[in-house]
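Below are the chains, spelled out letter by letter.
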Amino acid sequence: PARLLNLARNSLETALGEEDGLELGVWLTFCVQLGVRCGRRSLWSEESSPLFFDLPVTLKEPPEGAALAVEAASLTSATFRFPRLQALAGFSPALEYRLDVSRVEGARHQTSLLVEGDSTTDGAKANCEVVAYGLAPATAYRAELAV
């Protein structure tokens, strides 16, 4: 299901993507229907203007020697730093980085952290930084970064 991103007085914002069944490279139109828990629903809205769902962004390779750096912030938290990526094209798309942290023993998922932001341009902050809280002391963890 779609994730609610922002709810204001007369506005609702959500994000849809491939994980919701949308396919890349096709034209899409959208309609909205509101519903309440008791089962009542509104009429469907007018269709949106067609939108071509495509992500033609090619990213540059990370700088040589770039890595995910980890530093203990406290007994139960760690700070993760990693380089922001740059687009090959002449624009800076909004990127979302997801850092998944899991215990090594038992592979139990601990937390997922999202970092949003533009890819770097000259003079922009070169690294992303995020802190994972609620970690167990003296426990090995594995971190995976996805863009």
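Rules behind the numbers
- Numbering of residues starts from 1 in every chain and runs along the sequence as written.
- Two thresholds apply to this predicted model, a pLDDT of at least 70 for residue-level local features and 80 or more for giving and counting side-chain atom pairs, whereas whole-chain, interface and lining totals are computed over all residues.
- For the side-chain quantities, the full set of heavy atoms in the structure was used; hydrogens and water were omitted.
- Runs of E in the DSSP output that reach at least two residues are strands. Runs of H or I that reach at least four are helices, and both are numbered from the N terminus.
- Partly exposed describes any residue whose relative accessible area lies between the buried limit of under 20% and the exposed limit of over 50%, with all areas from a 1.4 Å probe on protein chains only and scaled to the type maximum.
- Contacts are assigned to residue pairs that have any heavy atoms within 4.5 Å of one another.
- Accessible surface area values rest on a Shrake-Rupley calculation with a 1.4 Å probe, where residue burial reflects the displayed protein chains alone.
- Side-chain atoms alone can form a polar contact between residues adjacent in sequence; in general such a contact is a pair of N or O atoms within 3.5 Å, and within protein one must be able to donate a hydrogen while the other accepts it.
- Criterion used throughout: strands pair if DSSP finds at least two bridges between them.
- With axes taken as lines fitted to C-alpha atoms, and helix axes fitted only over the stretch in contact, angles between N-to-C directions fall between 0 and 180 degrees.

A. Looking closely at the overall build of the chain. Along the backbone of the chain there are 0 helices and 10 strands. Listing each helix as α and each strand as β along the chain from the N terminus yields β-β-β-β-β-β-β-β-β-β. The 147 residues of the chain split such that 20% are buried. A separation threshold of at least 6 residues defines the contact pool for the chain, and within that pool the share at least 24 residues apart is 53%. Of the accessible surface of the chain, which amounts to about 11000 Å², a share of 53% is contributed by carbon and sulfur atoms.

B. Structural detail: the side chain of S77. Within the secondary structure layout, S77 lies in strand β6 (residues 77–83). Of note is the side chain of S77, whose polar atom sits 2.7 Å from the side chain of S74. If we skip the residues at most four places from it in the chain, S77 touches A72, V131, A132, Y133 and L135.

C. Layout of the sheet that holds β6. Strand order in this open sheet of 3 strands is β5-β6-β9, and the pairing throughout is antiparallel. Every interior strand has two partners, whereas the edge strands, β5 (69–74) and β9 (127–132), have only one. On average, each strand axis in the sheet is inclined to that of its neighbour by 25 degrees, with strand direction left out of account. Two elements, β6 and β9, share 6 bridges in a ladder whose sense is antiparallel. Note that in β9 the partner of T79 across the bridge is V131.

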